[in-house]
Amino acid sequence: MTPKPKAPHGGGPGNRRPHHGSGGLDAGTSVAKAHTAIETEIQAGRPSASSTPNPNPIPGPAGNRPIKAPVDRHHLDKITPNGPPKDRNTVILPEARDGVRADIADIRAGKARWVGGEYITDSGRHYRVEGNGTVYPVDGPGLVHLDRQEYKALQAIIKHNGDVDAAKRSVERDPAMSAGAFEKATEVFKHRGK
């Protein structure tokens with residue numbers, strides 16, 4: 001068997017000598033320097049962050065991220081019997097639904113005023129924005145405030161399709177529930193489906 005010829009000066013595949021280009025630098029080093037030089041040129045052509053005007057003049061959180069419409073727990077026609085009530089709950093009555101949609105569009109377009117951490121729309125409704133970008137109603141025409149017990153009473157009435165007596169029986173063992181909670185919840189329920 002004939003032995004394989006050896007490459008001169010150990011120049012086999014694993015022992016390649018560095019190639020010296022016209023600048024006399026190693027090819028690996030010159031490529032890295034070329035990338036650095038290109039990046040420097042690119043950065044030089046960009047305006048600095050301080051000299052860039054704000055491309056989005058919308059005040060408040062809507063200027064920083066896309067905002068989302070209020071979640072279902074705020075819409076009377078979409079409240080379910082199983083959703084968790086909060087200490088303060090603002091419910092959008094069906095007759096204000098289209099107005100709320102228009103308000104959200106105004107907020108997104110920068111037409112609402114940003115005052116004290118709230119958006120105030122021309123309709124007179126006030127909104128806040130959660131950390132994830134979801135808008136929630138605070139106050140105004142067509143919005144109703146319910147405390148935790150009133151919201152639970154409303155959920156019970158919804159569960160029993162408007163039968164207030166059955167709703168009361170279903171929560172009678174809940175010590176936090178009061179008879180007064182059903183008064184406001186019943187009035188709100190009357191707007192459901194309109």
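Sequence positions are assigned chain by chain, starting from 1 and proceeding in written order. Restriction of local features to residues with pLDDT of at least 70 applies here, the model being predicted, together with a cutoff of 80 or more for giving and counting side-chain atom pairs; totals for whole chains, interfaces and linings are based on all residues. Note that the side-chain values use all heavy atoms of the structure and ignore hydrogens as well as water.

With respect to the packing of aromatic side chains
Put simply, the rule is: Here is the rule: rings of Phe, Tyr and Trp (six-membered ring for Trp) pair when centre to centre is within 6.5 Å. Planes less than 30 degrees apart are stacked, more than 60 are edge-to-face, and the remainder are tilted. Burial status follows relative accessibility: with a 1.4 Å probe on protein chains alone, a residue under 20% of its type maximum counts as buried, one over 50% as exposed, and anything between as partly exposed. Charge over a ring is defined by NZ of Lys or CZ of Arg lying within 6 Å of the ring centre and within 35 degrees of the ring normal.
Counting across every chain of the model gives one aromatic pair. Arranged with centres 4.6 Å apart and planes meeting at 55 degrees, the rings of Trp114 and Tyr119 form a pair that is tilted. With relative accessibility at 1%, the residue Tyr119 sits in the buried group. Across from the ring centre of Tyr151, 5.1 Å away, lies the NZ or CZ of Arg73, which sits over that ring.

Details of unusual backbone geometry
Rules: Secondary structure elements follow DSSP: runs of H or I no shorter than four residues count as helices, runs of E no shorter than two count as strands, and numbering proceeds from the N terminus.
For Asn161, which is not glycine, the phi torsion reads 50 degrees and is therefore positive. Of note, Asn161 is situated in the loop between helix H3 (148-159) and helix H4 (164-170). The exposed category is assigned to Asn161, whose relative accessible area is 71%.

Points about the nonpolar core
In plain terms, the rule: Side-chain atoms within 4.5 Å link the members of a nonpolar core, which is a set of buried Ala, Val, Leu, Ile, Met, Phe, Trp, Tyr and Cys residues. Whether two residues are in contact is decided by their heavy atoms: any pair within 4.5 Å suffices.
Within the largest apolar cluster, 19 residues are counted, with the highest numbers of intra-cluster contacts made by Leu76, Ile79, Leu146, Leu154, Phe182 and Val188. At the level of secondary structure, the elements contributing two or more residues to this core comprise strand S6 (143-147), H3 and helix H5 (179-189). Among all residues touching Leu76, those that are not within four sequence positions of it are Val91, Ile92, Leu93, Pro94, Leu154, Val188, His191 and Arg192. With 14 residues, the next largest nonpolar core counts Ile58, Ile92, Ile107 and Ala112 among its residues.

Points about the environment of Ala69
With respect to the element layout, Ala69 can be found in the loop between helix H1 (27-45) and strand S1 (88-92). Here the alpha-carbon distance between Ala69 and Val135, two residues 66 residues apart in the chain, equals 5.5 Å. With near-sequence residues (within four places) excluded, Ala69 lies in contact with Arg108, Thr134 and Val135.

Considering the pairing of S1
To be explicit about the condition: We call two strands paired when DSSP finds no fewer than two bridges between them.
The element S1 is largely enclosed, with a buried count of four among its five residues. Relative to S6, S1 runs antiparallel, the two sharing five bridges. Considered in S6, the bridge of Val91 is made with Val144.

With respect to H5
Our working definition: Regarding the arc, it is the one traced by the directions from the helix axis to the C-beta atoms.
Every buried residue belonging to H5 is among Ala181, Phe182, Ala185 and Val188, and all of these are buried. Seen from one end, H5 has its buried residues packed into an arc of 120 degrees, which puts them on one side. Opposite its buried face, H5 presents the exposed residues Ala179 and Glu183, each directed more than 90 degrees away.

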